[in-house]
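Topology and contacts: notes
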Amino acid sequence: GTDLGLFNNRLVFDVTYFSSIDGPKIFSLPISGATGYSSALVNGIKVERKGIEISASGSPIRNKDGFSWDISANYSTNQQYLKEIYPGVDNLNIYFKVGDRMDKIYGSDFVRTADGQLINDASGRPIRNSVAQYLGNSNSDWAGAINNTLSYKNVSLKFQFDGRFGGTILDYVEQKTYQGGRHINAIEGAMGIARINDTKGIKSYVGEGVVVSNGVAIVYDTDGKVTNYDKLQYATNTTPTYLQDYVSRVYGTNSAYAISRTYVKLREVVLTYNLPQRFLNNTFIKQANISFVGRNLLYFAERSDIDIEQYAGTNGASGL
């Protein structure tokens, strides 16, 4: 790490890089069934934890009239990577290979066109990939904060924004409220109408996406990736289905309720008034102030109805 101060320390930087190795850890190494055993306990897995921490602080304004502005900011990362498995072994389970982050999330996903549209089957429901797909990382990519202090004579105002950026979480509550028909979207609009029609035995819900219109079968590789996009032709999906059947397919699929873990908060605002010394001259009190404090006043995220910072959710089906 290093510290650097400029302009009589009115601008200060602090940079730190860290790296550490955990392991080797004991794990079950698959071996040939001809030995009479399916696996052997060996020392092998090494995990590298590394990251960087950067902080900067400065005082852009300091004038003789008593007004000042101080600002500080920080940026940090902290990730774990698969460093080593075992001599001659490059993959851990079917998901992780050397160099991968250890917080990768794999789960069920839909088959999509090359430009991201859902591909539906003959029943009008999205096709689910038979192979678990990478949905993101459970941990944030980085965290940061900005803190400002504005002061004028006896009054100061401090406010701090902070947040985490990147990462994915599976919203278990959204999944279950849709599946149970308790989500607001399930009783309004097209879904609300289709829900009533379900009780009458009428298929009326038409999902988004397309269908393959030229009769060509979709071909996949061993990782579940479509390999014959150039042979496929599409038409807009127009096949009605029961809403309950559609919701069961969609919200039984992990990617449907995967949401970003990114959030930003106005973490704290503090307004402070320092009592003038003349009010304290005839008392035993040396210094006093009055502060008004507000915390978590603004919140920005993909979903505003839940607090991503506090929400546990579920990390889905990871490879470990």
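In this text, all values refer to a predicted model and were calculated from it rather than measured experimentally.

**Some details on the overall build of the protein chain**
Check the secondary structure of the protein chain and you find three helices and 18 strands. With the principal axes as the frame, the protein chain shows a C-alpha extent of 90 × 60 × 35 Å. Residue burial in the protein chain is summarised as follows: out of 320 residues, 33% are buried. In the structure as shown, the protein chain presents an accessible area of about 18800 Å², 53% of it carried by carbon and sulfur atoms. Here the protein chain contributes 32 positively and 30 negatively charged side chains, and the mean placements of these two sets differ by 5 Å.

**Things to note about helix 1 (residues 172-179)**
Turning to helix 1, its buried residues number three or more, namely Glu 174, Gln 175, Thr 177 and Tyr 178. Tucked into the core, helix 1 has its buried residues touching helix 2 (189-199), helix 3 (243-250) and strand 16 (258-260). Between a side-chain oxygen at the N-terminus of helix 1 and the backbone nitrogen of Val 173 the separation is 3.2 Å; the capping residue is Asp 171. Once helix 1 ends, the next one or two residues include Gly 181, with phi positive near 70 degrees.

**Notes on the confidence of the model for the protein chain**
Summary statistics for the protein chain give a mean pLDDT of 91 and a share of 97% for residues scoring 70 or more. Per-residue pLDDT stays below 50 along residues 313-320; that stretch engages in 26 contacts with residues further than four places along the chain or on separate chains.

**A look at the sheet that holds strand 15 (residues 234-236)**
Pairing is mixed across the open sheet formed by three strands, whose spatial order is 9-14-15. Of all the strands in the sheet, the pair left with one neighbour each is strand 9 (119-120) and strand 15.

**Digging into the packing of aromatic side chains**
One pass over the structure, following the stated rule, counts seven aromatic pairs. Measuring from centroid to centroid gives 4.5 Å for Tyr 95 and Tyr 106, while their planes differ by 45 degrees, and the two rings are tilted. Of this pair, Tyr 95 sits in the loop between strand 6 (91-92) and strand 7 (96-97) while Tyr 106 sits in strand 8 (residues 104-107), and the two are eleven residues apart along the sequence. Between Tyr 205 and Tyr 246, the aromatic rings sit 5.0 Å apart at their centres with planes inclined by 55 degrees, giving tilted as the arrangement. Placement of Tyr 205 in the loop between helix 2 and strand 14 (210-212) and of Tyr 246 in helix 3 is noted, with a sequence separation of 41 residues between them. Note on accessibility: Tyr 205 and Tyr 246 belong to one class, buried. These aromatic residues form a ring-pair network of at least three members: Tyr 95, Phe 96, Tyr 106 and Tyr 134. It is Lys 50 that lies over the ring of Tyr 81; its NZ or CZ is 5.0 Å from the centre. Above the face of the Tyr 134 ring, Lys 104 is positioned so that its terminal group lies 5.4 Å from the ring centre.

**Things to note about the pairing of strand 17 (residues 263-274)**
Look at any regular strand and the pattern is simple: side chains alternate between the two faces of the sheet. Sheet analysis places strand 12 (residues 155-165) next to strand 17, joined by ten bridges and oriented antiparallel. Bridging from a neighbouring strand, Val 155 pairs with Tyr 273 of strand 17. By the bridge criterion, eleven bridges tie strand 17 to strand 18 (residues 289-301) in an arrangement that is antiparallel. Bridge pairing links Lys 265 to Tyr 299 in strand 18.

**Some details on the nonpolar core**
Core analysis: the biggest nonpolar cluster contains 15 residues, and Tyr 178, Met 191, Tyr 205, Leu 243, Val 247, Val 250 and Tyr 251 have the highest contact counts within it. Contributions of two or more residues to this core are made by helix 2 and helix 3. Considering each element in turn, this core owes the most residues, four residues, to helix 3. When residues no more than four places from it in sequence are discounted, the contact partners of Tyr 251 are Glu 174, Gln 175, Tyr 178, Gln 179, Ala 256 and Tyr 257. Ranked by size, the runner-up nonpolar core spans nine residues in total, among them Leu 29, Val 42, Val 47 and Phe 96.

**So, unusual backbone geometry**
For the bond running from Gly 23 to Pro 24, omega is 5 degrees, close enough to zero to count as cis. Tracing the chain through its elements places Pro 24 in strand 2 (residues 11-30). The phi torsion at Asn 93 lies on the positive side, around 55 degrees, for a residue other than glycine. By the secondary structure assignment, Asn 93 is in the loop between strand 6 and strand 7. Of the residues examined, Asn 93 reaches a relative accessible area of 47% and is grouped as partly exposed.

**Quick word on the pattern of salt bridges**
A side chain with one charge may pair with a side chain of the opposite charge, provided their charged atoms come close. Using the criterion set out here, one finds 14 salt bridges in the structure. Ionic pairing is found between Arg 267 and Asp 162, a salt bridge with its closest N-O pair at 2.9 Å. Here Arg 267 is found in strand 17, whereas its partner Asp 162 is found in strand 12, with 105 residues between them in sequence. Note on Arg 267: relative accessible area 19%, which makes it buried. Judged by relative accessible area, which is 12%, Asp 162 ranks as buried. Residue Asp 305 is joined to Arg 303 by a salt bridge in which the shortest nitrogen-to-oxygen separation is 2.9 Å. Overall, the relative accessible area of 17% leaves Arg 303 in the buried class. Each of Asp 162, Lys 265, Arg 267, Asp 307 and Glu 309 takes part in salt bridges that share partners, so that together they form one network.

The rules behind these values
- Residues numbered from 1 in each chain as written.
- Predicted model: local features only at pLDDT ≥ 70, side-chain atom pairs only at ≥ 80, totals over all residues.
- Heavy atoms only, no water.
- Helix = DSSP H or I, 4+ residues; strand = E, 2+ residues; numbered from the N terminus.
- Buried < 20%, exposed > 50% of the residue type's maximum accessible area, 1.4 Å probe, protein only.
- Areas by Shrake-Rupley, 256 points an atom, 1.4 Å probe, with all protein chains shown as cover.
- Lys, Arg positive; Asp, Glu negative; His and termini not counted.
- Charge placed at Lys NZ, Arg CZ, Asp CG, Glu CD.
- Contact = heavy atoms within 4.5 Å.
- Polar contact = N/O pair within 3.5 Å; in protein donor to acceptor, adjacent residues only side chain to side chain.
- pLDDT = per-residue confidence, 0-100.
- Pairing = 2+ DSSP bridges.
- Phe/Tyr/Trp six-rings, centres within 6.5 Å; stacked < 30°, edge-to-face > 60°.
- Lys NZ or Arg CZ within 6 Å of the ring centre and 35° of its normal.
- Core = buried A, V, L, I, M, F, W, Y, C linked by side-chain atoms within 4.5 Å.
- Salt bridge = Lys/Arg side-chain N within 4 Å of Asp/Glu carboxyl O.

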